[in-house]
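The chain contents come next:
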Amino acid sequence: MNAHALTALKLTGIAFGAMSLGLLFMGLGRIVSARIQRRIGPPFYQSFIDVIKCFTKTSITHNFVMDLGIIMALGGLIATAFFVPFANFSVLGSSSVVIVLYLMSIGYLGMAMGVSASGNPNATIGISRALALMLGYKIPFVMVIMAMILTYNSSDLLTYALAQNHGFGSWHIFKYPLGFIAVEIAFQAMVGEKPYDHMIAPAEIASGPMVELSGKYLGIGFLLHAVQLYVETGLIVNLFLGGAQTWYIMMVKMFAVYFTTMCINAVMARYRIEQGIRHLWIWAGSFALLQLVYTRIWG
Amino acid sequence: MEHDNIYLTNLRDEKQNMWTGLANYFRKRSMWMLYYCTGCGAIELPPTMTSRYDMERLGMGPMATPRQADLLLITGYLSVKTLKRVIWSYEQMQEPKYVVGFGSCPINGGIYWDAYPVINHLEAFMPVDMSIAGCMPRPQAIIDAFEKLMDEIQQGKAVGYKRYRKHYDWYKRNQDLVLNRQSAVLTPYVDPFASMPTAAELMAQESEDSHV
Ligand code: SF4
């Protein structure tokens, strides 16, 4: 087997692995919320059942742009997943955080294009909220990343992960505590959990971008969320939690990040959109700025 | 009004092969519901969903729009005006889709049987896969009914959506009968569907023409 075929095989593996891991997390996350609400909750493989069921249903498309946008979103996010190192392993040899942030936006923009093409006003409102919120969390996030780039003179995620390999004390969560808080707040908004679930808001805008997605489209929507979880939790583990040497440690750390998110999600209510952005800018933004200034002067 | 020969050919047995059997397993384990809170019945849903009876154990959960849902819950009496919206919602749902009628009102009108703005027999307007008797059915009864529905889905018996497609003209005629009613209903209300066969007669009919 030549090298290209092997790489292609590995990439396919990563794509399916990311989807399965994300779906597993979604199922476990539902159990976590259920336990917090004193319920039993669904079995942990519920999200797999949901997705397979979605693919057995009929579905409606509104036009070609909708099909294209949704596939573009999935493609964009899977491409992002290739660049996130999993347990100090990166197939493509490069894992620049700038590429990750850039490709991630392609995923979101594809989603925006696809669902806006469906013509449903709720979808458009959801998308405009998502883009407004993106402005809220991307700025603190990028400021923290800039602090790291200043320290290491590199934007490579693998470099960051390897730099934290010298035991517990070398984790960035201790080196950049303020940055970690800022990113943790931003992360809540990134995955769209409460208090930043403006985009979905089922009781308000009928699940926003998902409103017109039926059957197979909804299945792809779920897969999108799964890959998104993989990418974003992986990003945080590599940035702050010391990366991982083995795949199971990586999975445990990724789940720990998602677990925190789900716990916050279970006990919070939703902000209004302008409150949400203000909160992100004031709190996440000022923590990130302090971190940046601190790193610039004393780092 | 004249309604001779009102009867429903029931299409109960889907020809199951291995794939539909497998697909049905996933369909029954992940029913997303759209609840149309028309009547008193909606109040029994929160306890069914929350910690006491927790229907998420069965993989069921609420969904925001008809496009995403598999299961339409008609939770109580249905006025003629609402009926129109319910039909729109039902037709927007993607197949396979199931309908559950809550309480006696969708079955036979319940205590509103003689009220002119309320329809009496839901199954004359849309295919009902499961009806839960009671005024109002308690959460135990609701969970019971969902479990029964899951069995029926697995066996390929809950195929109301196919019935709707096959007998659309019949359903459409019944819908038009009440939706396009022009004259005021002043005289004591006569239920136009009173001559419909009872459930028992339907079942008898059905065993004759099963395996359609
Ligand atoms: S069956 Fe009883 S509880 Fe249900 S809608 Fe009718 S009157 Fe209300």
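Keep in mind that what you see is a predicted model, and the values were worked out from it rather than measured. (Residues numbered from 1 in each chain as written. Chains lettered and ligands numbered in written order. Predicted model: local features only at pLDDT ≥ 70, side-chain atom pairs only at ≥ 80, totals over all residues. Heavy atoms only, no water.)

1. Quick notes on the overall build of chain B
- Along the backbone of chain B there are eight helices and five strands.
- Starting at the N terminus and ending at the C terminus, chain B contains elements arranged as α-β-α-β-β-α-β-α-β-α-α-α-α.
- Relative to its 212 residues, chain B shows a buried fraction of 55%.
- In chain B, the share of contacts with a sequence separation of at least 24, taken over all contacts with a separation of at least 6, comes to 81%.
- Only carbon and sulfur atoms are counted for the fraction: they give 55% of the accessible area of chain B, which is about 10,100 Å². (Helix = DSSP H or I, 4+ residues; strand = E, 2+ residues; numbered from the N terminus. Buried < 20%, exposed > 50% of the residue type's maximum accessible area, 1.4 Å probe, protein only. Contact = heavy atoms within 4.5 Å. Areas by Shrake-Rupley, 256 points an atom, 1.4 Å probe, with all protein chains shown as cover.)

2. What about the overall build of chain A?
- In terms of helices and strands, chain A carries 12 helices and zero strands.
- Since a compact globule built from 299 residues should have a radius of gyration of about 19 Å, the 19 Å found for chain A is in line with a globular shape.
- With respect to the three principal axes, the spread of C-alpha positions in chain A is 55 × 55 × 40 Å.
- The proportion of buried residues among the 299 residues of chain A is 55%.
- Put simply, of all contacts in chain A between residues at least 6 apart along the chain, 81% involve residues at least 24 apart.
- In the structure as shown, chain A presents an accessible area of about 12,400 Å², 72% of it carried by carbon and sulfur atoms. (Rg over C-alpha atoms; globule rule 2.2 N^0.38 Å.)

3. Remarks on a nonpolar patch on the surface
Residues and elements named next belong to chain A.
- Taken together, Phe64, Val65, Leu68, Met72, Leu109, Met113 and Leu131 make up a surface patch of nonpolar side chains, about 590 Å² in accessible area.
- If you list the elements that add at least two residues to the nonpolar patch, you get helix 3 (64-83) and helix 4 (97-117).
- Broken down by element, the residue count for the nonpolar patch peaks at four residues, all from helix 3.
- By the secondary structure assignment, Val65 is in helix 3. (Patch = residues over 30% accessible without salt bridge, like charges linked within 9 Å, V, L, I, M, F, W, Y side chains within 5 Å. Salt bridge = Lys/Arg side-chain N within 4 Å of Asp/Glu carboxyl O.)

4. Looking at the nonpolar core
Residue and element names in this part refer to chain A.
- Within the largest apolar cluster, 94 residues are counted, with the highest numbers of intra-cluster contacts made by Tyr137, Leu213, Tyr230, Leu239 and Phe240.
- Per-element accounting of this core gives the leading share, 15 residues, to helix 10 (residues 215-239).
- Not counting the four nearest positions on each side in its chain, Phe240 is found in contact with Val144, Met148, Gln164, Trp171, His172, Ile173, Tyr176, Gly179, Phe180 and Val183. (Core = buried A, V, L, I, M, F, W, Y, C linked by side-chain atoms within 4.5 Å.)

5. Brief notes about the environment of A:Ala112
- Summarising the element assignment, A:Ala112 is placed in helix 4.
- Given the relative accessible area of 10%, A:Ala112 is considered buried.

6. What about the sheet that holds strand 5 (residues 130-132) of chain B?
Residue and element names in this part refer to chain B.
- Pairing is parallel in the open sheet, where five strands are placed in the order 2-1-3-4-5. Sheet topology places strand 2 (61-62) and strand 5 at the edges, where each strand pairs with a single neighbour.
- Pairing of strand 3 (residues 71-74) with strand 4 (residues 98-102), which is carried by four bridges, proceeds in the parallel orientation. Counted as the bridge partner of Leu73 is Val100 from strand 4. (Pairing = 2+ DSSP bridges.)

7. Describing empty space enclosed by the protein
- Inspection of the entire model under this criterion finds two cavities of 30 Å³ or more.
- By volume, the second largest cavity amounts to about 30 Å³.
- Lining the second largest cavity we find A:Lys53, A:Lys57, B:Arg27, B:Ser30, B:Met31, B:Asp70, B:Pro96 and B:Tyr98.
- A class-by-class count of the residues in the lining of the second largest cavity yields three nonpolar, one polar and four charged. (1 Å grid on protein atoms, 1.4 Å probe; cavity = no way out; pocket = protein on both sides within 12 Å on 5 of 7 lines; lining within 4 Å. Points joined across faces, edges and corners; volume = space filled by probe spheres on them. Nonpolar A, V, L, I, M, F, W, Y, C, P; charged D, E, K, R; others polar.)

8. Considerations on the site of the ligand
- Around the ligand, the surrounding shell consists of B:Cys40, B:Gly76, B:Tyr77, B:Gly103, B:Ser104, B:Cys105, B:Ile111, B:Tyr112, B:Gly134, B:Cys135 and B:Met136.
- Split by residue class, the shell around the ligand holds seven nonpolar, four polar and no charged. (Near = heavy atom within 4 Å.)

9. What to know about the interface of chain B and chain A
- Residue-level contacts link 22 residues of chain B with 32 residues of chain A.
- Roughly 2,300 Å² is buried in total at the junction of chain B and chain A, and carbon and sulfur atoms are behind 54% of that figure.
- Area buried by chain B at its contact with chain A is led by B:Trp32, B:Glu56 and B:Arg67, which between them contribute 27% of it.
- One can count six salt bridges joining chain B with chain A.
- For B:Glu56, the salt bridge goes to A:Arg30, with nearest N and O atoms at 2.9 Å.
- Applying the counting rule to chain B against chain A returns 19 residue pairs in polar contact (both at pLDDT 80 or more).
- Among the elements that take part in the side of chain B that touches chain A, helix 1 (residues 18-29) of chain B stands out by supplying four residues, more than any other. (Buried area = accessible area lost by both parts, 1.4 Å probe. Polar contact = N/O pair within 3.5 Å; in protein donor to acceptor, adjacent residues only side chain to side chain.)

10. With respect to the side chain of B:Lys28
- Structurally, B:Lys28 can be placed in helix 1.
- It turns out B:Lys28 is buried and unbridged, and the closest side chain with the opposite charge, B:Asp151, is 5.5 Å from it. (Lys, Arg positive; Asp, Glu negative; His and termini not counted.)

11. Some thoughts on the confidence of the model for chain A
- Summary statistics for chain A give a mean pLDDT of 86 and a share of 99% for residues scoring 70 or more.
- Taken element by element, chain A is modelled with least confidence in helix 9 (residues 202-205) of chain A, mean pLDDT 73, and with most confidence in helix 2 (residues 46-55) of chain A, mean pLDDT 92. (pLDDT = per-residue confidence, 0-100.)

12. Examining the confidence of the model for chain B
- Mean pLDDT over chain B works out to 79, with 79% of the residues at or above the 70 mark.
- Counting interchain partners and residues more than four positions distant, the pLDDT-below-50 stretch residues 1-10 of chain B has 25 contacts.

13. Thoughts on the side chain of A:Asn265
Residue and element names in this part refer to chain A.
- Tracing the backbone through its elements, the reader meets Asn265 in helix 11 (residues 247-267).
- Side chain to side chain, Asn265 and Glu193 meet in a polar contact 3.5 Å long.
- Sequence-distant contacts of Asn265, that is, excluding residues within four places in its chain, are made with Gln188, Glu193 and Lys194.

14. With respect to the pairing of strand 1 (residues 32-36) of chain B
Residues and elements named next belong to chain B.
- Sheet topology places strand 1 next to strand 2; two bridges connect them, and they run parallel. Pairing of Met33 across the sheet is with Pro62, part of strand 2.
- Two elements, strand 1 and strand 3, share four bridges in a ladder whose sense is parallel. Each bridged residue has a counterpart across the sheet, and for Tyr36 the counterpart in strand 3 is Ile74.

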